[in-house]
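Fold and geometry: a report
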Amino acid sequence: MSRPKRPEPKYFLDEASSRINYLKEVFSEAPSNVRYWGEKSTSYYEHTEVAERIDRCLPNVKLVVILRNPVDRALSNYKFSWENGLEKRTLEEVFIGRVPPPSLNKSVSVSPFAYLQRGHYARHLTPFLRIFGSRLFVMTLEESINSPLHGGIWDFLQLNPSSVDFKAVNASSPIEVPDEIKDSLHVYYEPHIVELEKLLGRSFNIWRT
């Protein structure tokens, strides 16, 4: 996996992306005898145009998307923004009162306040599915943690599980959240979960329990 100074290269957010520069900037330190190279950049998923750039530069690439329970994801996103000094509103103000976010005094690649929108999984995945089709593998965080073979990812990538170190990155402790907020988020995301189920043809009941 790529090891830049920051954990996510976010290379394909650049309109001028190219295969040569990508390999040079992201994998310049990779050993020459490595057969499989990979990177993770969660920001890609929010930009429709990124799918086309990746496909143009890496025509044989395979993509893996790991989806988290959207309620847990939204709360974790809030915690990250709060701990990094970007968020000043309380949980109640954000998820119940829907108080507008504060203005930012620094540049970021994506909005740090899109807590709810990032959980609209079907909408974000649709352009990637259209372009990559069977080269896109979607799994849940629960599968990656609880499945003995991590949800079938190794079959998809045609890799031997014993040859790969699969571990959590950037894991953090959960925050205390009032039941009122959790309940409202479950209600909010239900139609989006249904939409995702229709798109992928599979159940996500694990997020409802």
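The structure displayed is predicted, hence computed values, not measured ones. (Residues numbered from 1 in each chain as written. Predicted model: local features only at pLDDT ≥ 70, side-chain atom pairs only at ≥ 80, totals over all residues. Heavy atoms only, no water.)

Our focus in this paragraph is the overall build of the chain. The number of helices and strands found in the chain is eight helices and two strands. Walking the chain from its N terminus toward its C terminus, one meets helices and strands in the order α-α-β-α-α-α-β-α-α-α. Computed over C-alpha atoms, the radius of gyration of the chain comes to 18 Å, within 12% of the 17 Å expected from 2.2 N^0.38 for 209 residues, which places it in the range of a compact globule. Projected onto the principal axes, the alpha-carbon positions of the chain cover approximately 55 × 40 × 30 Å. Put simply, the chain has 209 residues, and 37% of those count as buried. Within the chain, counting contacts between residues at least 6 apart in sequence, those at least 24 apart form 69% of the total. Total accessible area on the chain stands at roughly 12,900 Å², and carbon and sulfur atoms take up 53% of it. Averaged over its 27 positive side-chain charges, the chain has a centre that lies 6 Å from the centre of its 26 negative ones. (Helix = DSSP H or I, 4+ residues; strand = E, 2+ residues; numbered from the N terminus. Rg over C-alpha atoms; globule rule 2.2 N^0.38 Å. Buried < 20%, exposed > 50% of the residue type's maximum accessible area, 1.4 Å probe, protein only. Contact = heavy atoms within 4.5 Å. Areas by Shrake-Rupley, 256 points an atom, 1.4 Å probe, with all protein chains shown as cover. Lys, Arg positive; Asp, Glu negative; His and termini not counted. Charge placed at Lys NZ, Arg CZ, Asp CG, Glu CD.)

Take the pairing of strand β1 (residues 63–67) next. Alternating residues of β1 divide into L63, V65 and L67, all buried, and V64 and I66, none buried. Relative to strand β2 (residues 136–140), β1 runs parallel, the two being bridged by five bridges. Bridge pairing in β2 places L67 opposite T140. (Pairing = 2+ DSSP bridges.)

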